[in-house]
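Fold and geometry: a report
What follows is each chain in one-letter form.
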Amino acid sequence: AGVDTGAPDSRSAKLKVRFALAAIVIALAGIGAFWSMTPDETDPIIDDLQVAMRPNSIAVLPFVDMSDSQDQQYFADGIAEEILIRLNDYPDLAVIARTSSFLFRDRPAAATTIGRRLNTAYVLEGSVRKAGDRVRITAQLIHADDGFHLWSETYDRQLDDIFAVQEEIAEAITEQLELPLTPDDRDRLARRRTDDLEAYDLYLLGRHNWATRTDEGLVSAQRFFESAIERDSTFAPAWAGLAAVYDALPWYIDFPASEAAERGKRAARRAIELDPTLAEAYAALGVLLYEFDHDWRGAAEAFETARELDPSYAQGLGWECLFRAVIGETQAALSICQQAVTVDPLSMHATWQYASALAMEGRIDESLVAFDRAMADRPEVPEIQAEKAGLLLASDRYEEAIPEYEAWLRTEGFDSPEDIRTVISGIRDVAVRERGKEALTRLEGQGRVRPFNWVQLRAELGEIDRAMEWLEAAHAEGDPQLLFLGVDPRFQIIRDEPYTRRIMGEIGLPTIAGE
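All of these numbers come straight from a predicted model, not from anything done at the bench.

**Overview of the environment of Ala 340**
- Checked against the element boundaries, Ala 340 lands in helix 14 (residues 330-343).
- Residue classification places Ala 340 among the buried positions, given a relative accessible area of 2%.
- Ala 340 sits 29 residues away from Pro 311 along the chain, and the two C-alpha atoms are 9.1 Å apart.
- Beyond its immediate sequence surroundings of up to four residues, Ala 340 is in contact with Leu 317 and Ala 350.

**Section: the state of the cysteines**
- On inspection of all chains with the given rule, the structure shows 1 disulfide.
- A disulfide bridge connects Cys 321 with Cys 337, and the sulfur atoms are separated by 1.9 Å. Where Cys 321 bonds to Cys 337 through sulfur, the torsion about that S-S bond is close to -45°, and the disulfide is left-handed. Highlighted residues: Cys 321 in helix 13 (residues 314-326) and Cys 337 in helix 14, separated in sequence by 16 residues.
- Using a relative accessible area of 1% as the deciding quantity, one classes Cys 321 as buried.

**What about the pairing of strand 6 (residues 149-158)?**
- Of the pairings in the sheet, the one linking strand 5 (residues 134-143) to strand 6 comprises 9 bridges and is antiparallel in character. Across the sheet, Ile 142 pairs through a bridge with His 149, a residue of strand 6.
- Counting the residues in the hairpin turn of strand 5 and strand 6 gives 5 residues, including Gly 147, whose phi is positive at 75°.

**Topic: the pattern of salt bridges**
- With the rule as written, the count across this model stands at 34 salt bridges.
- In this structure, Arg 129 engages Asp 68 in a salt bridge whose closest nitrogen and oxygen atoms are separated by 3.1 Å. A residue pair is termed long-range when its members are at least 10 positions apart, and Arg 129 in strand 4 (residues 120-131) and Asp 68 in the loop between strand 2 (64-65) and helix 2 (73-88) qualify at 61 residues.
- Residue classification places Asp 68 among the exposed residues on the basis of a relative accessible area of 74%.
- We note a salt bridge from Arg 136 to Asp 156, for which the minimum N-O separation is 2.7 Å. Of this pair, Arg 136 sits in strand 5 while Asp 156 sits in strand 6, and the two are 20 residues apart along the sequence.

**Quick word on unusual backbone geometry**
- A positive phi angle, close to 55°, is found at Gln 70, a residue other than glycine.
- Examined against the element boundaries, Gln 70 turns out to sit in the loop between strand 2 and helix 2.
- Residue classification places Gln 70 among the exposed residues on the basis of a relative accessible area of 53%.
- Its identity is not glycine, yet Asp 396 carries a phi of approximately 65°, on the positive side.
- Relative to the assigned elements, Asp 396 resides in the loop between helix 17 (382-394) and helix 18 (398-411).

**Some points on helix 5 (residues 162-176)**
- Between its first and last C-alpha, helix 5 extends 21 Å over 15 residues, near the 21 Å set by a 1.5 Å rise per residue.
- Every buried residue belonging to helix 5 is among Ile 162, Phe 163, Ala 164, Val 165, Gln 166, Ile 169, Ala 170, Ala 172, Ile 173 and Thr 174, and all of these are buried.
- Once helix 5 ends, the next one or two residues include Glu 178, with phi positive near 55°.

Reading the values: rules and limits
- Residues numbered from 1 in each chain as written.
- Predicted model: local features only at pLDDT ≥ 70, side-chain atom pairs only at ≥ 80, totals over all residues.
- Heavy atoms only, no water.
- Helix = DSSP H or I, 4+ residues; strand = E, 2+ residues; numbered from the N terminus.
- Buried < 20%, exposed > 50% of the residue type's maximum accessible area, 1.4 Å probe, protein only.
- Contact = heavy atoms within 4.5 Å.
- Disulfide = S-S within 2.5 Å.
- Pairing = 2+ DSSP bridges.
- Salt bridge = Lys/Arg side-chain N within 4 Å of Asp/Glu carboxyl O.
- Expected span 1.5 Å × (residues − 1).

Laid out in structure tokens, this is it:
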């Protein structure tokens with residue numbers, strides 16, 4: 001399918017792909033929970049990607065908050081993340097993404113175990129004690145192969161010296177790994193993105209709250225990023241963080257999508273203006289352009305620039321993966337998803353996106369394994385449950401679909417999830433189809449879920465008109481899954497319906513516009 005390079009008007013500007021917003025713990029499925037793995041067990045998803053331990057690779061673990069009040073975890077996290085960002089600027093060092101590294105905060109493990117699970121050669125751990133205008137940072141570098149401590153240092157400094165400490169730690173690590181530093185490398189490591197300590201503290205609070213991906217967390221993140229910008233209007237990462245928050249807000253709270261889109265794009269472009277090398281700003285612009293404006297060319301350019309600037313920015317890879325799938329480039333989507341899983345091997349959303357991309361490529365069995373992996377440690381994520389159940393149904397794997405649908409309905413709070421058994425019996429056997437239709441009507445009246453969830457079930461029962469009614473309701477709501485009508489195997493059954501084709505054309509999907 002071709003790509004329409006225009007930016008067609010949209011009747012559903014609120015389209016938002018929630019898949020990229022999940023940031024929840026994942027684990028290995030199929031042979032048991034990931035965290036119960038023995039040291040010799042491996043991850044089949046990672047093995048399939050042929051990810052070997054890279055000699056110059058590092059995971060920066062969350063630093064421990066050692067403050068007396070125990071209320072500085074956001075600050076300790078921020079220190080660790082800033083060191084991670086500085087190290088990530090070094091081209092010869094592979095850095096594991098924050099999502100995966102920070103999962104070990106509440107799951108203590110030996111450095112050797114962490115190295116195996118993250119496919120990384122080195123681990124950096126540390127602690128932070130903040131008191132008044134003083135800060136003590138302790139850091140130690142550990143060889144993941146044998147647990148040997150290569151280097152450790154304690155820094156007692158004034159708080160206003162915090163940026164220099166981050167620079168010193170990053171440079172010490174590169175020296176210990178015997179990585180040559182060019183003048184340009186030293187400049188990148190020494191780069192300060194703000195000199196305002198209060199703006200920096202507010203930014204860290206914004207990042208901390210953004211990572212929660214909750215209603216309250218996103219509202220707080222918006223407030224903190226805006227406050228950081230008030231303190232320092234040239235602080236590019238705060239603008240980029242604000243752009244990402246605006247992308248998410250309409251799907252977590254009652255926030256006008258059109259306003260979020262305009263504010264988000266303004267923030268992203270301001271970040272780019274201030275720092276043209278900031279990958280996260282380009283990635284945020286890309287997701288805003290394709291989700292709200294359906295500007296496929298602009299989004300593609302923004303994502304490509306983000307990937308060129310930072311090929312290991314996991315959030316950006318996730319957004320681009322879904323974008324490539326939307327425009328029909330499923331092979332490219334799969335490749336980018338694989339890259340995201342390599343960089344962020346324990347990220348639920350990266351594995352979820354990989355599962356979706358595999359399904360769009362028709363690799364159903366592999367897709368189902370990846371779905372299980374994404375849900376193994378946090379199974380009650382309704383969007384993933386519904387997608388996996390629908391994929392099984394579309395593959396005529398009825399017995400396997402039933403428990404998945406029941407789990408989804410229970411998660412969503414339905415009174416009688418067992419009614420889905422009657423529904424699927426009606427799909428399988430025309431003799432009991434009327435009973436299946438009645439059971440689905442009961443389910444539709446029991447809980448409030450997105451209309452899109454009923455489209456496939458009604459169509460599978462042979463009620464195309466009813467399916468189209470639900471599709472129209474989904475379109476009116478601006479359901480994000482509409483973006484996948486052209487590629488998701490769950491909706492193959494309705495793809496050639498005239499109303500489906502019309503909606504796809506109105507959305508401006510390139511799989512229609514480019515035909």
